[in-house]
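What the coordinates show
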Amino acid sequence: MKFLAVINVLLWSVFLWLDKVWNDFQTEAVARKLGIYEGDWFGPLSYIRPKIMFLSYVATLALAVVILKSGKKEAKA
């Protein structure tokens, strides 16, 4: 369970970092009038960001299930 918790924190940390890079890129592009963000743009961030978020969510759900199951086992003992 500790391993899953560490992986969960790492995945969320990577996602939050990618999200900051994503938002900074968009802010700078709009500020320099290089482009207007209209919802979609292509590149490595637009591909990797949702995948990291999904993996983080799955890891969080798995950790929650493990915690709930271990809590039930302890309550029965």
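Heads up: the structure comes first, above all this text.
Residues numbered from 1 in each chain as written. Predicted model: local features only at pLDDT ≥ 70, side-chain atom pairs only at ≥ 80, totals over all residues. Heavy atoms only, no water.

**With respect to the overall build of the chain**
Each helix and strand in the chain was counted, giving two helices and zero strands. By residue count, 17% of the 77 residues in the chain fall in the buried class. Considering only contacts in the chain between residues 6 or more positions apart, those separated by 24 or more positions represent 79%. With the model as given, the accessible surface of the chain reaches about 6,400 Å², and the carbon-plus-sulfur share is 71%. (Helix = DSSP H or I, 4+ residues; strand = E, 2+ residues; numbered from the N terminus. Buried < 20%, exposed > 50% of the residue type's maximum accessible area, 1.4 Å probe, protein only. Contact = heavy atoms within 4.5 Å. Areas by Shrake-Rupley, 256 points an atom, 1.4 Å probe, with all protein chains shown as cover.)

**A few points about the environment of Ser-70**
Position of Ser-70 among the secondary structure elements: in helix H2 (residues 44-76). Along the primary structure Ser-70 and Met-1 are separated by 69 residues, whereas in three dimensions their C-alpha atoms are 9.6 Å apart.

**Describing the packing of aromatic side chains**
Overall, the coordinates contain one aromatic pair when judged by the stated rule. With a centroid separation of 5.8 Å and 85 degrees between ring planes, the pair formed by Trp-12 and Phe-15 is classed as edge-to-face. Taken together, the residues Trp-12 and Phe-15, both in helix H1 (residues 2-31) and three residues apart, mark about one turn of the helix. Residue class for Trp-12 comes out partly exposed when judged on its relative accessible area of 28%. When its relative accessible area of 8% is taken as the criterion, Phe-15 is described as buried. (Phe/Tyr/Trp six-rings, centres within 6.5 Å; stacked < 30°, edge-to-face > 60°.)

**A few points about a nonpolar patch on the surface**
Together, Phe-54, Leu-55, Tyr-57, Val-58 and Leu-61 line one region of the surface with nonpolar side chains, adding up to about 500 Å² of accessible area. Along the chain, Val-58 turns up in helix H2. By relative accessible area, which is 38% here, Val-58 ends up partly exposed. (Patch = residues over 30% accessible without salt bridge, like charges linked within 9 Å, V, L, I, M, F, W, Y side chains within 5 Å. Salt bridge = Lys/Arg side-chain N within 4 Å of Asp/Glu carboxyl O.)

**Remarks on the environment of Ser-13**
The residue Ser-13 is located in helix H1 in this model. The exposure class of Ser-13 is partly exposed, given its relative accessible area of 40%. Along the chain, Ser-13 and Ile-52 lie 39 residues apart, while their C-alpha atoms are 9.8 Å from each other. One polar contact links the side chain of Ser-13 to the main-chain carbonyl oxygen of Val-9, over a distance of 2.8 Å. (Polar contact = N/O pair within 3.5 Å; in protein donor to acceptor, adjacent residues only side chain to side chain.)

Purely geometric stuff here, so don't read any function into it on its own.
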